[in-house]
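Now for the letters of each chain:
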Amino acid sequence: MAGMVSITLQNNDEARPVIESILHDNPNANANYMPGAVKIDCPERLVVKAESVSERIGRDWDPQEIHLTIVSMGGSLDEDDEELVLSWGA
Amino acid sequence: MTPPRKKKMNLKQRYALMTRGLDWETSYQKMDDVFPYDTFEGIKITDWSKWEDPFRLTMDAYWKYQGEKERKLYAVLDSFAQNNGQLGISDARYVNAIKLFLTGVTPLEYQAHRHFSHLGRHIRGVGPRVAAQMQSLDELRHAQTQIHTISHYNKYFDGFAEFPHMHDRVWYLSVPKSFFDDACSAGPFEFFTAISFAFEYVLTNLLFVPFMSGAAYNGDLATVTFGFSAQSDEARHMTLGIEVIKFMLEQHPDNLPIVQKWVDKWFWRGHKVLGLVAMMMDYMLPKRIMSWKEAWEIYFTEAGGALFEDLSRYGLRVPKYADIATDEAEHISHQNWAIFYQYTQAAGFHTWIPGDDELDWLSEKYPNTFDKYYRPRFEMWREMEAKGERFYNNALPQLCQTCQIPMGYTEPGDPTKIGFRSSVYKDERYHFCSDGCKDIFDDEPEKFSQAWLPVHQIFQGNCGGADLSDVLKWYHMDQGIDNMDYNGSPDQKQWDAWQAARKKVAG
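In every chain, residue numbers begin from 1 and rise along the written sequence. Whichever chain is written first is A, and whichever ligand is written first is 1; the rest continue in order. Owing to the predicted nature of the model, reporting of local features is limited to residues with pLDDT of at least 70; listing and counting of side-chain atom pairs is limited to 80 or more, with chain, interface and lining totals taken over all residues.

**Quick notes on the interface of chain A and chain B**
Part 1 of the argument: The contact criterion used is a C-beta to C-beta distance within 7 Å, with each C-beta placed from the backbone. In this assembly, 26 residues from chain A lie in contact with 32 residues from chain B.
Part 2 of the argument: Of all the secondary-structure elements, those providing two or more residues to the side of chain A that touches chain B are strand E1 (4–10), strand E5 (70–74) and strand E6 (76–79) of chain A.
Part 3 of the argument: Helix numbering and strand numbering both begin at the N terminus, where a helix is a DSSP run of H or I of at least 4 residues and a strand a DSSP run of E of at least 2. In terms of residue count, E5(A) provides more of the side of chain A that touches chain B than any other element does, 5 residues in total.
Part 4 of the argument: Of the residues in the side of chain A that touches chain B, the class split is 10 nonpolar, 12 polar and 4 charged. Residue type decides the class: Asp, Glu, Lys and Arg count as charged, Ala, Val, Leu, Ile, Met, Phe, Trp, Tyr, Cys and Pro as nonpolar, and the leftover types, Gly among them, as polar.

Right, here's the structure in full:
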């Protein structure tokens, strides 16, 4: 069984373009909405692409801005200037 | 002529420069003398430079993002206070969960601040040292923002005013306090395993995600905001937790048995402490989002399952007694609420019997256990209350020497039989609620035989006197105001008056 990775973000205006990008860029991702937050699960690997978020907000988005809206995560994380990746086995 | 624009460094280069680049090897003092605490536990580290912070957060970026988080949070808190946010919560019973949070959890944030500050000085590797420094500041921020948020409730509700005093004295608060005292009196690698891995990575989601979502659902704008603001730091702490485990396991094969023992110990201890949160979620939120059992399935069984499957490549296995903890998720909230109902006279928050709709919800969420074992008990107590014979337990309970919880938990597989275990150490017998707690004691009897057990201390005359009223005074609890049932409390009278005024305005 592939290990699930997950990221939980606040469900607010600042996080919405990030949530949208994740769901667009990870076709197998599944969003679970709860009051105030969204938990997005994905088998094996989940990527947050700076380019996708930037397109949606009309300015350069720095992956470190994730610190403003992240609530929790599951998986091993790797971050650089372009993307933030959650996976197992890394 | 203007010089060519300098190329910006990328994240990895900045991180290398702003952490590794700030470190140095000592010359006129031995490194072992400068960092005296990071070897005695037997953890072997051959190359500290292999440590990697996955977020690659440097101090300058840290200040930038934390500053922004603080501005947002305080705008909400200020607005909540200015606009009488306390009027908008679902029900005043909800506030009792926040009382337990402030007295039980907030002081732990402060303890974490202190100990991460210690690690931020005493860990030899610069990567984890910088991460510990940031976490130390985070934890101080959490303590401050929680106190600040809750100070607003303190203006209107009882039970908050003496929270630091209570944390050091009250019987049920010794459960979270002793958990942290145990971690802070351990070595640095055990502390990392206890707090960063077992608590922050494996278990803390159970507290901060569904409970804070519950705060949002119950109209508590202030608590959900500090909760999620703290949790954004928590995601970083989780990466520290998982990195420290991988780092220890990658550095030397001899580290595995030590790490496994700590993972077993701290999973079990954390699971017991979180029983308080189980009760907050199942009984104290007037509007509920998920049961403790459901939260356990999502955050331990599923998320923990994926985590331990990943860590199995290092030889690490699922914590010992994880199956028993999962079995207990069917029982722990009901058994804890029953304990507090029986001892409401000595609790710093109010208790109640759930209403019919709430009992129905519990029956639905716990189809295997609630109707069979717990609903009849609550219904009987409700009948006794109606007849003017409200049940109080006036005998002080025996406590587990390790987790310090009253021995009210049942045997695995038999919810009708209370579990008891014991060990003899230096001619004295010590008592435990479970095999997990007994194993922990048996491994470190010198440490746990010194535990400050509230019931023993009362019997020894160290808690203000022999009567309940003496002990309550020593706790700084006001009789008839801070303790006893919600029905008939000053909190209830005030809330009902607010609701009546609201109806009047509505006409």
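Text resumes after the structure shown.
**Describing the pairing of strand E2 (residues 30–34) of chain A**
Residues and elements named next belong to chain A.
Part 1 of the argument: A strand pair is defined by DSSP finding two or more bridges across the two strands. Here E2 pairs with strand E3 (residues 37–43) via 5 bridges, running antiparallel. Paired with Tyr 33 across the two strands is Val 38, which belongs to E3.
Part 2 of the argument: Between E2 and E3, which pair antiparallel in sequence order, lie 2 residues; one of them, Gly 36, sits at a positive phi of approximately 85 degrees.

**Quick word on the sheet that holds E1(A)**
Residues and elements named next belong to chain A.
Part 1 of the argument: Strand order in the open sheet formed by 4 strands is E2-E3-E1-E5, and the pairing between neighbours is antiparallel. The sheet is open, and its two borders are formed by E2 and E5, each paired with just one other strand. Shown here is a sheet whose adjacent strand axes are inclined to one another by a mean of 15 degrees, direction ignored.
Part 2 of the argument: Relative to E3, E1 runs antiparallel, the two sharing 7 bridges. Paired with Met 4 across the bridge in E3 is Pro 43. Fitted lines through C-alpha atoms give the axes, limited to the stretch in contact for helices. The angle between two N-to-C directions lies from 0 to 180 degrees.

**Looking at the confidence of the model for chain A**
Part 1 of the argument: One number per residue, pLDDT, summarises how confident the predictor is, and it ranges from 0 to 100. Of all residues in chain A, 97% have pLDDT values of 70 or greater, and the mean over the chain is 93.
Part 2 of the argument: Ranking the elements of chain A by mean pLDDT puts E6(A) last, at 89, and helix H1 (residues 16–25) of chain A first, at 98.

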